[in-house]
Amino acid sequence: MSTAPDQVEIDSRIRFDDTLQIMEADFSDFHFDSSEVVNRFYDRLERRIADSGEELWFFLVNLNETRIDPVAWTAYSRRGKALNMAHSMGSVRFDASDVTRRQIERAANTEAFDPNLFSDRDAAIARIRELPSKRRKRLIHAPNHTLADFLGRLSFDPETVIMHVDFSHFTFHHSRDVNDFYDYIEERIKESDRKWFFLVDMNGCQIMPAAWIQYAHRGKRLNIAASLGSVRYAAGSETEADIRLRAESQGFRPNIRNTREEALELIEALRTELTQG
């Protein structure tokens, strides 16, 4: 049975070198035996990068005697790719065992990325020294949306106690987009002075890699503070996969349905649970 690592253990495996602009993830002698373990580790990597105050780092990954079970590989590949797209200036891996090396090289062949595998840490760091830094002065994201883009995307039904959030065909490019929209939602909920069931239309919604950390953080905070139960519907396959992965390690039910009607049925089931609980 899988035993998920605690935050102390994970934090001991994450280090930052400000001089070389390196974020080092120590996966040595670590067993990724489930997608939950993968998600818990990557959730913490995302949080530590966010807390660092810098969005971009070179990634140095110690894979010495790392084990990645087949059941965990999809989550490992997906979360790693998303983290790299959002926050890596270049990723270098070292000390890969034969099994892990073959897994990574197969993934590289099918997913078109450079595995940058080296036999030892010094060689990996030497490679990083050759890579150009992409950092500029502290990045301040320009907003992609205005208040007018949010108006009409939020409605409240006092009779059913449902707040409908319309994320359909909306793109969260980065953390600023997330914060702007969630600030608007939070203000409207404060005005209502009550909690609501959340019904969220995800049809055509895109959450880009640079937005996921803040999207997950603000969504979780809002649910704890103001939700009686949350149901999402019409999420595309990519977004649904990301939500389900994060739900494993972040302690919430993904509650995703194909249609609005199915989502409303689930809200009624949640209402019954709440009144009977």
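Here, every reference points to the structure presented above.
Parameters and conventions
- Residues numbered from 1 in each chain as written.
- Predicted model: local features only at pLDDT ≥ 70, side-chain atom pairs only at ≥ 80, totals over all residues.
- Heavy atoms only, no water.
- Helix = DSSP H or I, 4+ residues; strand = E, 2+ residues; numbered from the N terminus.
- Rg over C-alpha atoms; globule rule 2.2 N^0.38 Å.
- Contact = heavy atoms within 4.5 Å.
- Areas by Shrake-Rupley, 256 points an atom, 1.4 Å probe, with all protein chains shown as cover.
- Lys, Arg positive; Asp, Glu negative; His and termini not counted.
- Charge placed at Lys NZ, Arg CZ, Asp CG, Glu CD.
- Pairing = 2+ DSSP bridges.
- Salt bridge = Lys/Arg side-chain N within 4 Å of Asp/Glu carboxyl O.
- Axes fitted to C-alpha atoms, helices over the stretch in contact; angles between N-to-C directions.
- Expected span 1.5 Å × (residues − 1).
- Buried < 20%, exposed > 50% of the residue type's maximum accessible area, 1.4 Å probe, protein only.
- Phe/Tyr/Trp six-rings, centres within 6.5 Å; stacked < 30°, edge-to-face > 60°.
- Lys NZ or Arg CZ within 6 Å of the ring centre and 35° of its normal.

This part is about the overall build of the chain. When its secondary structure is counted, the chain shows 10 helices and 14 strands. Relative to a compact globule of 277 residues, whose C-alpha radius of gyration would be 19 Å, the chain shows 21 Å and is just as compact. Its C-alpha atoms give the chain principal-axis dimensions of about 65 × 45 × 35 Å. Put simply, 79% of the contacts in the chain that link residues at least 6 apart link residues at least 24 apart. As presented, the chain carries roughly 14200 Å² of accessible surface, and 49% of it is formed by carbon and sulfur atoms. Put simply, the chain has 38 plus and 46 minus side-chain charges, and the middle of one group is 2 Å from the middle of the other.

The pairing of strand 8 (residues 154-157) with strand 9 (residues 162-166) spans four bridges and is antiparallel. Considered in strand 9, the bridge of Phe156 is made with Met163.

Turning next to the pattern of salt bridges. Summed over the entire model, instances satisfying the criterion amount to 25 salt bridges. The structure contains a network of salt bridges with shared partners spanning Glu9, Arg13, Arg15, Glu24, Asp26 and Arg121.

Looking now at the sheet that holds strand 11 (residues 196-201). Here five strands make up an open sheet; going across it, the order is 8-9-11-13-14 and the pairing mixed. For this open sheet the edge positions go to strand 8 and strand 14 (256-257), each flanked by a neighbour on one side alone. Packing of helix 8 (residues 209-226) onto the sheet brings it into contact with strand 11 and strand 13 (227-233), and relative to strand 13 it is tilted by some 135°.

The next subject is the sheet that holds strand 4 (residues 57-62). Spatially, the five strands line up as an open sheet ordered 1-2-4-6-7, and their pairing is mixed. Pairing within the sheet leaves two strands with one partner each, and these edge strands are strand 1 (14-17) and strand 7 (117-118). Here strand 4 runs beside strand 6 (residues 88-94); their pairing, made up of six bridges, is parallel. Its bridge partner being in strand 6, Asn62 is matched across the sheet by Phe94. Relative to strand 1, helix 2 (residues 35-52) is tilted by about 30°, and along the sheet it contacts strand 1, strand 2 (22-26) and strand 4. Against the sheet, helix 5 (residues 121-130) touches strand 2, strand 4, strand 6 and strand 7, its axis set at about 165° to strand 4.

Looking now at helix 3 (residues 70-87). In this model helix 3 runs 26 Å from its N-terminal to its C-terminal C-alpha over 18 residues, within 8% of the 26 Å that 1.5 Å per residue would give. Listed in full, the buried residues belonging to helix 3 are Ala72, Trp73, Ala75, Tyr76, Ser77, Arg79, Gly80, Ala82, Leu83, Ala86 and His87.

What follows deals with the packing of aromatic side chains. All chains considered together, the criterion is met by 25 aromatic pairs. When the centroid spacing of 5.4 Å and the interplanar angle of 85° are considered together, the rings of Trp212 and Tyr215 count as edge-to-face. Pair noted here: Trp212 and Tyr215 are both in helix 8, with a separation of three residues, about one helical turn. When its relative accessible area of 5% is taken as the criterion, Trp212 is described as buried. Given the relative accessible area of 9%, Tyr215 is considered buried. Among the aromatic residues, those joined into a ring-pair cluster are Phe150, Phe167, Phe170, Phe172, Phe181, Tyr182, Tyr184, Trp212 and Tyr215. Seen from the ring of Trp57, Arg135 lies directly overhead, with NZ or CZ sitting 4.4 Å from the centre. Against the face of Trp196 rests Arg194, its NZ or CZ located 5.3 Å from the ring centre.

Let's shift gears to the pairing of strand 9. Every other side chain in a regular strand lies on the same face of the sheet, so the side chains alternate between the two faces. Of all the five residues making up strand 9, five are buried; the element is thus mostly covered by neighbouring parts of the structure. Burial along strand 9 is two-sided: the residues Ile162, His164 and Asp166 and Met163 and Val165 are all buried. The antiparallel hairpin formed by strand 8 and strand 9 contains four residues in its connecting segment, where Val161 sits at a positive phi of about 60°. Inspection of the sheet shows strand 9 paired to strand 11 by five bridges, in the parallel sense. Looking at the pairing, Asp166 lines up with Asp201 of strand 11.

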